[in-house]
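Each chain, letter by letter, is given below.
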Amino acid sequence: MVQVKSAKGSGWVRMLSVRRGEARKGSVDAAGLLGLASGRAGTGHVVATTGIRGLSEEDLKAAKYNGAELKKAESFGVTQAEARKFAGAGKLVARKVDYLPAPETRGGER
Amino acid sequence: MAHTIKSALLSGILLLCFGGTAISADLFQDLKKAVEQGSQNKTESGQPRSSPSKGIDLGALGSLTGFSQEEEVAIGRQAAGNILGAAPLVKDDRLQQYVNRVGRWIASQSERPDLEWHFGVIESNDFNAFAAPGGYVFVTKGLYRALQSESELAGVLAHEIGHVIKKHHLKILQQTRLTDMGGKLLAERAGENEQIKKLIGNGGEIFARSLDKKAEFEVDRVAVILAARAGYDPFGLPTVLQDLGHVAKDDNRVSLLFKTHPHPDDRLTQLGEAIDGRLDGIKGLTLENRFYRMRP
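Parameters at a glance
Sequence order as written defines the numbering, with residues in each chain counted from 1. Numbering of ligands from 1 and lettering of chains from A proceed in the order in which they are written. The predicted origin of the model limits local features to residues at a pLDDT of at least 70 and limits the giving and counting of side-chain atom pairs to 80 or more, whereas totals for whole chains, interfaces and linings rest on all residues. Elements are defined by DSSP. Helices are runs of H or I of four residues or more, strands are runs of E of two residues or more, and each kind is numbered from the N terminus. Exposure is read from a count of other C-beta atoms within 10 Å of each residue's own; the residue is exposed at 12 or fewer, buried at 20 or more and partly exposed in between. C-beta atoms are placed from the backbone. In this description, a residue-residue contact is defined by the distance between C-beta atoms placed from the backbone, which must lie within 7 Å. Here the rule is simple: two strands pair whenever DSSP picks up at least two bridges between them. Convention adopted: a line fitted to C-alpha atoms gives each axis, helices being fitted over their contacting stretch, and angles between N-to-C directions are expressed from 0 to 180 degrees. Roughly parallel means an angle under 35 degrees; roughly antiparallel, over 145; roughly perpendicular, 65 to 115; everything else is oblique. Definitions for this section: a left-handed crossing has its near helix turned counterclockwise from the far helix by less than a right angle. A right-handed crossing has that turn clockwise. Residues are grouped as follows: Ala, Val, Leu, Ile, Met, Phe, Trp, Tyr, Cys and Pro are nonpolar; Asp, Glu, Lys and Arg are charged; all remaining types, including Gly, are polar. Residue-level confidence of the predictor is summarised by pLDDT, bounded by 0 at the bottom and 100 at the top. Put simply, a nonpolar core is buried Ala, Val, Leu, Ile, Met, Phe, Trp, Tyr and Cys residues tied into one set by C-beta atoms within 7 Å. A helix is expected to span 1.5 Å for every residue after the first.

*Asks:* Explain the overall build of chain A residue by residue, including any values.
*Replies:* A count of helices and strands for chain A gives four helices and two strands. Secondary structure of chain A in N-to-C order comes out as β-β-α-α-α-α. The buried share of chain A, taken over its 110 residues, is 20%. Partitioning the contacts of chain A with sequence separation of at least 6, the portion at a separation of at least 24 is 0%.

See the structure below:
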């Protein structure tokens, strides 16, 4: 994504839009979500559809606390040191960047 | 995916918003009494707060949240346990480990690097993401599947992290509940805390509440910067938002997201005005190749 400007204003343009756009449609819509929604996954075989569900407001309100699942979720937590090692493996380098000011104020938040 | 989703996350997020419906009339009476008594206690802001038996001090309302970090985490655990009751974790340990590494690295660039952050992908085909106080962040499977790079995931997680560091949900909770439940919001590492349960209500309704639009725009701005600080291409979130903007409004997968958040197009407009060329010189990594692809 890049932000572009013209006499008429500014907007967003996806870089390499054609290539990426096609990749997305193929990998997500067709093979992924649509496949699941139809009860078929990839090979055309009918698969279990129990995983096909949304998360509606009603679902959330009716939810019952699941302590076991919470503990499981917490078990996947990593330390800052582990995260730093992971970042290094991907050649991610931390840098200082100031927060953006709100458009109205331009005064900075930080 | 464009059309799919992406972003949702972003927003979706959110948080928990501790809904007002869960508070009882009795509780409000207790609060009112506590206010009248002018009790005192120690709060995060350093202002005095009442002892457990004396109620609350409302002096901190309107400024900081009035919750200690311990209380915040306890509230977040309850909220996280509730949403996991509605949508459990996707059974893919490598996926869960991956999002925790990405998320913790981004959170490390924020003002709250020392929180015990937890991230997870949950079983839902919706396009959404959620954040709970104390550092609990969840992305739906539907949204995750729509992502194409680690930088896009970073953008989504960073938006949620923004809600946590800005304490948006706690501020709403403070405004709507006006209480510390008699000072008993103490963290309990195991099991539910009845007082907290009473505070945020049963279930995950807090996740279905909307935040102020300004709060969403604010954390969008925070997200692109946290991603940039972490070394990522800062435009992961805008990319996701653009894709979400292509999802039909009547698509059930975005119904909750669109109900609780400004439309992605409006968010992009706001974000574009805020960026206004400020990130022109900031490049970053997208890491498409390292992005963990979920099993079919």
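*Asks:* Explain the overall build of chain B to me, using residue names and the numbers behind them.
*Replies:* Looking only at helices and strands, chain B features 12 helices and three strands. Here chain B holds 296 residues, and the buried ones make up 66% of them.

*Asks:* Could you give an account of the pairing of strand β2 (residues 129–132) of chain B, with specific residues and numbers?
*Replies:* Residue and element names in this part refer to chain B. Here β2 shows no split at all, with A129 and A131 on one side and F130 and A132 on the other all buried. Sheet topology places β2 next to strand β3 (residues 136–140); four bridges connect them, and they run antiparallel. Looking at the pairing, A132 lines up with Y136 of β3. Counted between consecutive antiparallel strands, the loop separating β2 from β3 contains three residues, among which G134 sits at a positive phi close to 85°.

*Asks:* I'd like a description of the packing of helix α10 (residues 236–244) of chain B against helix α12 (residues 264–275) of chain B, backed by residues and values.
*Replies:* Residues and elements named next belong to chain B. Contact geometry for α10 and α12: axes closest at 8 Å, N-to-C directions at 150°. Taken together, α10 and α12 sit at an angle that is classed as roughly antiparallel. Remark: the crossing between α10 and α12 carries left-handed chirality. On α12, the residues that touch P238, L241, Q242 and L244 of α10 are P264, R267, L268 and L271. Here the residues of the contact of α10 with α12 sort into six nonpolar, one polar and one charged.

*Asks:* So, the packing of helix α9 (residues 213–229) of chain B against α12(B): which residues are in play, and what are the values?
*Replies:* Residues and elements named next belong to chain B. Two elements in contact, α9 and α12, have axes separated by 10 Å at closest approach and are oriented at 55°. When the axis of α9 is compared with that of α12, the two are oblique. For the pair α9 and α12, the crossing hand works out as right-handed. For the pair formed by α9 and α12, the contact residues are E216, F217, D220, R221 and V224 on the first element and R267, Q270, L271, A274 and I275 on the second.

*Asks:* Please give an account of the environment of A87(B) that cites residues and values.
*Replies:* You can see A87(B) is positioned in the loop between α3 (69–86) and α4 (93–107). On the neighbour-count criterion, A87(B) (28 C-beta atoms within 10 Å) is buried. Taking the C-alpha atoms as reference, A87(B) lies 9.4 Å from V121(B); in sequence the two are 34 residues apart. Leave out the neighbours within four places in its chain, and A87(B) touches L55(A), I122(B), E123(B) and S124(B).

*Asks:* Give me the sheet that holds β3(B): which residues, what numbers.
*Replies:* As a general point, the strands of a sheet are linked pairwise by backbone hydrogen bonds and lie either parallel or antiparallel. All names here are of chain B. Judged by pairing direction, the sheet is mixed, and its three strands sit side by side in the order β1-β3-β2 without closing on themselves. Looking at strand neighbours, the two that pair on one side only are β1 (118–122) and β2, the edges of this open sheet. Strand-to-strand, the axes of this sheet are offset by a mean angle of 15°, without reference to chain direction. Where helix α6 (residues 150–166) meets the sheet, its contacts fall on β1, β2 and β3, and the angle it forms with β2 comes to roughly 30°.

*Asks:* Go over the confidence of the model for chain B, please, and point to the residues and values.
*Replies:* The predicted structure's coordinates, where accompanied by low pLDDT, should not be read in detail. Taken over all residues, the pLDDT of chain B has a mean of 76, while the share at 70 or more is 66%. In the predicted structure, residues 2–63 of chain B sits below a pLDDT of 50 and forms 194 contacts with residues beyond four places in sequence or in another chain.

*Asks:* Break down the pairing of β3(B) for me, citing the residues and quoting the values.
*Replies:* Residue and element names in this part refer to chain B. Within β3, five of the five residues are buried, which leaves it mostly tucked inside the rest of the structure. Of the two faces of β3, both are covered, the one formed by Y136, F138 and T140 as well as the one formed by V137 and V139. As judged from the five bridges shared by β1 and β3, these two strands associate in the parallel manner. Considered in β3, the bridge of G120 is made with F138.

*Asks:* I'd like a description of α10(B), backed by residues and values.
*Replies:* Residues spaced three or four apart along an α-helix face the same direction, because each turn holds 3.6 residues. α10(B) sits mainly inside the fold: nine of its nine residues count as buried. Restricting attention to buried positions, one finds in α10(B) the residues G236(B), L237(B), P238(B), T239(B), V240(B), L241(B), Q242(B), D243(B) and L244(B).

*Asks:* Which residues make up unusual backbone geometry, and what values go with them?
*Replies:* Residues and elements named next belong to chain B. The backbone of K167 shows a phi angle near 55°, a positive value even though the residue is not glycine. Within the fold, K167 resides in the loop between α6 and α7 (168–177). On the basis of neighbour counts, which here come to 18 C-beta atoms within 10 Å, the residue K167 falls in the partly exposed class. The phi dihedral of L287 falls on the positive side, at around 50°, and the residue is not glycine. Here L287 is to be found in the segment after α12. For L287, a count of 21 C-beta atoms within 10 Å puts it in the buried group.

*Asks:* I'd like a description of the nonpolar core, backed by residues and values.
*Replies:* Within the largest apolar cluster, 83 residues are counted, with the highest numbers of intra-cluster contacts made by I83(B), I106(B), L157(B) and A227(B). Looking at this core, the element that brings in the most residues is α9(B), giving nine residues.

*Asks:* A description of α6(B) should follow, citing residues and the corresponding values.
*Replies:* Residue and element names in this part refer to chain B. Between the first and last C-alpha of α6 there are 24 Å, a value that for 17 residues agrees with the 24 Å anticipated at 1.5 Å per step. Of all 17 residues in α6, 16 are buried; the element is thus mostly enclosed. Looking one or two places after α6, you find K167, whose phi comes out positive at around 55°.

*Asks:* Could you give an account of the confidence of the model for chain A, naming the residues involved and the relevant values?
*Replies:* Residues and elements named next belong to chain A. Taken residue by residue, chain A gives an average pLDDT of 67. The fraction at 70 or more is 47%. For chain A, helix α1 (residues 17–37) is the element with the lowest average pLDDT, namely 36, and helix α4 (residues 80–89) is the one with the highest, namely 98. Scored below 50 in pLDDT, residues 16–52 makes 44 contacts in the model with residues more than four places away or belonging to other chains. For the stretch residues 106–110, pLDDT sits under 50, and the model shows nine contacts to residues farther than four places along the chain or on other chains.

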